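Below, each chain spelled out in residue letters.
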Amino acid sequence: MHIGLSLRRLRNLALCGTLASSIALVVPVMSVPAIADGHTNRMAFVPRVEGELSVEFQSDNTYKADDASAELSDTFTTTELGATFHLAPFFQIVGSFVLEPVLDPTGDRVFEDHGAYAEELYAKFVFSDIGISVGKYNPAFGRAWDATPGIYGVDFAEDYELTERLGVSVGYEFAAGGLGGIALTASLYKVDDTNLSRSILTSRDPEKTRRSDGGPSNTDGLESFALNAEIADVMKSGIGVNVGYRSQAKGIGPDDVDDERGFVAGIFGEHKMHNLKFEWIVEGANFNNADATSADKTYVTAGVQLTFNERYYIAIAGTHRKVDNTGGADFNDRLFQISAGMEVYDGWTVDVGHKWDRTEDVDSRTFGVLIAKSFDFNTAKR
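Residues numbered from 1 in each chain as written. Predicted model: local features only at pLDDT ≥ 70, side-chain atom pairs only at ≥ 80, totals over all residues. Heavy atoms only, no water.

Moving on, we get to the overall build of the chain. Of the regular secondary structure elements, the chain holds 2 helices and 17 strands. Taking the intrachain contacts of the chain between residues at least 6 apart in sequence as the baseline, contacts between residues at least 24 apart amount to 58%. For the chain, the exposed surface amounts to about 20100 Å²; the carbon and sulfur share of it is 58%. (Helix = DSSP H or I, 4+ residues; strand = E, 2+ residues; numbered from the N terminus. Contact = heavy atoms within 4.5 Å. Areas by Shrake-Rupley, 256 points an atom, 1.4 Å probe, with all protein chains shown as cover.)

This is the structure we're talking about:
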């Protein structure tokens, strides 16, 4: 047991204290009359909680692989609860909590190694079209890691998703006439190394993020940043574009070589005709000193989904990942997946899919089944 507090812990406590102070200053606003409607004198603002509970049950069977130890079956759940507490007209507390396997499988398993943790927990101040977030959050950068269709469409693109960062983010959303809706985001952050990086039920490995673990943005201060821009429905065409840049300072780990710098750009769209809906995405990303190592990585992801009668759908997606290792072996990794699904009852969906992937010259094939449903809630609804 450590009796003293390290400088890093003092800084974390200071940040938490700043957040707590901000909340303490704003919450009393609830005790005064809310904004009233000029005609009816009814309250225009009502404290409320809204969010979504997403439940997924997935079973993957890797039945053929060059590495025999990778041939295994893994059945698990990914359950996510996102909630926004509207405490004042311009103040919110936002949380995102996840239950999923927190350890890699070493053999066949069924609902084992699940841990629960807080992926996001931050205060948000909203002033007209501007939002300022302070706390633990996921900085905006790209979208293929979330929007690529299919059971396995996001698998490689998830490499560059930014999650569980501690810092501040400023977003500005506005309508630019015929150009479309524009969202601009600037984020300043570091890896979360507070106790919020722990999980319950099953402990992560490592149990808690520490500075000695190294890695991108694992620094004492807020030395990393990301910029992201997205335009939706350009000229009412159903087409959108996104671009982003990020710089992540290296840590002090044994594999940390230099700061990571990355670019991302994509185009996506949605088109409807009669009882058909066609959705597609193409995104490319490039990283120098990826993950603060000596490797450079390039990603190209593409995916399409066709939906019939708002109930049946089929998705095809793939990613090419090029890895250039300075002084080491280079790799051309590939992923291709095809999946199909349908809504079976009251929002419950069932998908089946197949994935072919090559990672560091090792080929494998996986068949999977996914059952999912999302539940929305809002305490303001009667």
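Following the structure, the description resumes.
Next up on the list: the pairing of strand β16 (residues 348–359). Examined bridge by bridge, strand β15 (residues 331–345) and β16 share 11 bridges and lie antiparallel to one another. Each bridged residue has a counterpart across the sheet, and for methionine 342 the counterpart in β16 is valine 350. Relative to strand β17 (residues 362–378), β16 runs antiparallel, the two being bridged by 11 bridges. When the bridges of β17 are listed, aspartate 351 appears paired with leucine 370. Connecting the antiparallel pair β16 and β17 is a turn made up of 2 residues, with glutamate 360 showing a positive phi of about 50 degrees. (Pairing = 2+ DSSP bridges.)

A surface patch of nonpolar side chains, amounting to about 710 Å² of accessible area, comprises Phe278, Val304, Phe308, Tyr312, Ile314, Ile316, Phe336, Ile338 and Trp356. Secondary-structure elements contributing two or more residues to the nonpolar patch are β13 (295–308), β14 (312–325) and β15. Broken down by element, the residue count for the nonpolar patch peaks at 3 residues, all from β14. Along the chain, phenylalanine 336 turns up in strand β15. (Patch = residues over 30% accessible without salt bridge, like charges linked within 9 Å, V, L, I, M, F, W, Y side chains within 5 Å. Salt bridge = Lys/Arg side-chain N within 4 Å of Asp/Glu carboxyl O.)

Turning next to the nonpolar core. Ranked by internal contacts, the top residues of the largest apolar core, which has 18 residues, are Phe141, Tyr160, Ala285 and Phe287. Taken together, the elements giving at least two residues each to this core come down to α2 (144–147), β11 (260–273) and β12 (276–288). Broken down by element, this core gets its largest block of residues, 3 residues, from β12. Beyond its immediate chain neighbours, meaning those up to four positions away, tyrosine 160 contacts Phe141, Ala144, Trp145, Arg246, Val264, Glu283, Ala285, Phe287 and Tyr299. (Core = buried A, V, L, I, M, F, W, Y, C linked by side-chain atoms within 4.5 Å. Buried < 20%, exposed > 50% of the residue type's maximum accessible area, 1.4 Å probe, protein only.)

What follows is about the environment of threonine 62. Within the secondary structure, threonine 62 sits in strand β1 (residues 48–65). By relative accessible area, which is 13% here, threonine 62 ends up buried. Considering only alpha carbons, one finds threonine 62 and arginine 365, 303 residues apart in sequence, at a separation of 5.7 Å. Leaving out residues up to four positions away in the same chain, threonine 62 has contacts with Ala70, Glu71, Leu72, Ser364, Arg365 and Thr366.

Okay, the pattern of salt bridges next. Throughout the structure, instances matching the rule amount to 18 salt bridges. Among the salt bridges present, the one from arginine 198 reaches glutamate 207, with a minimum N-O distance of 3.2 Å. Overall, the relative accessible area of 28% leaves arginine 198 in the partly exposed class. Look at glutamate 207 and you get partly exposed, because its relative accessible area is 42%. Across the pair lysine 373 and aspartate 346 runs a salt bridge whose closest N-O atoms are separated by 3.3 Å. With lysine 373 in strand β17 and aspartate 346 in the loop between β15 and β16, this residue pair connects regions lying 27 residues apart in the sequence. Taking relative accessible area as the criterion, lysine 373 reaches 11% and is therefore assigned buried. Among the ionic contacts, a cluster of salt bridges with common partners joins Lys136, Glu164, Asp192 and Arg204.

As a further point, take the environment of leucine 99. Assignment of secondary structure puts leucine 99 in strand β3 (residues 91–101). Between the C-alpha atoms of leucine 99 and leucine 81, which are 18 residues apart in sequence, the distance is 8.8 Å. In contact with leucine 99, other than residues within four places in its own chain, are Thr77, Thr78, Thr79, His114, Gly115, Ala116 and Leu201.

A few words now on the pairing of β15. With 12 bridges joining them, β14 and β15 adopt antiparallel strand pairing. Within the sheet, the bridge partner assigned to lysine 322 lies in β15 and is asparagine 332. Where β14 folds back onto β15 in an antiparallel hairpin, the turn is made up of 5 residues, including glycine 327, whose phi is positive at roughly 75 degrees. Counted along the chain from β15 to the antiparallel partner β16, the turn is 2 residues long, and its residue aspartate 346 has a positive phi close to 50 degrees.

What follows deals with the side chain of lysine 136. Relative to the assigned elements, lysine 136 resides in strand β6 (residues 130–137). Looking at lysine 136, its side chain comes within polar contact range of the side chain of glutamate 164, at 2.9 Å. Of note is the side chain of lysine 136, whose polar atom sits 2.9 Å from the side chain of aspartate 192. Apart from the residues lying within four places of it in its own chain, the contact partners of lysine 136 are Ala118, Glu119, Glu120, Leu121, Tyr122, Glu164, Arg165, Leu166, Asp192, Leu196 and Ser197. (Polar contact = N/O pair within 3.5 Å; in protein donor to acceptor, adjacent residues only side chain to side chain.)

So, on to the packing of aromatic side chains. Counted under the stated rule, the structure contains 13 aromatic pairs. On the basis of an interplanar angle of 45 degrees and a centroid distance of 5.1 Å, the ring pair of phenylalanine 91 and phenylalanine 125 is categorised as tilted. Placement of phenylalanine 91 in strand β3 and of phenylalanine 125 in strand β5 (residues 114–127) is noted, with a sequence separation of 34 residues between them. The residues phenylalanine 91 and phenylalanine 125 share a single accessibility class, namely buried. With a centroid separation of 4.8 Å and an interplanar angle of 50 degrees, the aromatic rings of tyrosine 245 and phenylalanine 263 are classed as tilted. With a gap of 18 residues between them, tyrosine 245 in strand β10 (residues 239–248) and phenylalanine 263 in strand β11 connect regions that are remote in the sequence. For tyrosine 245, a relative accessible area of 23% corresponds to the partly exposed category. A network of ring pairs unites the aromatic residues Phe141, Tyr160, Phe287 and Tyr299 as a single cluster. Residue placement shows arginine 204 over the ring face of tyrosine 117; its charged tip is 3.9 Å from the ring centre. Seen from the ring of phenylalanine 141, arginine 246 lies directly overhead, with NZ or CZ sitting 4.7 Å from the centre. (Phe/Tyr/Trp six-rings, centres within 6.5 Å; stacked < 30°, edge-to-face > 60°. Lys NZ or Arg CZ within 6 Å of the ring centre and 35° of its normal.)

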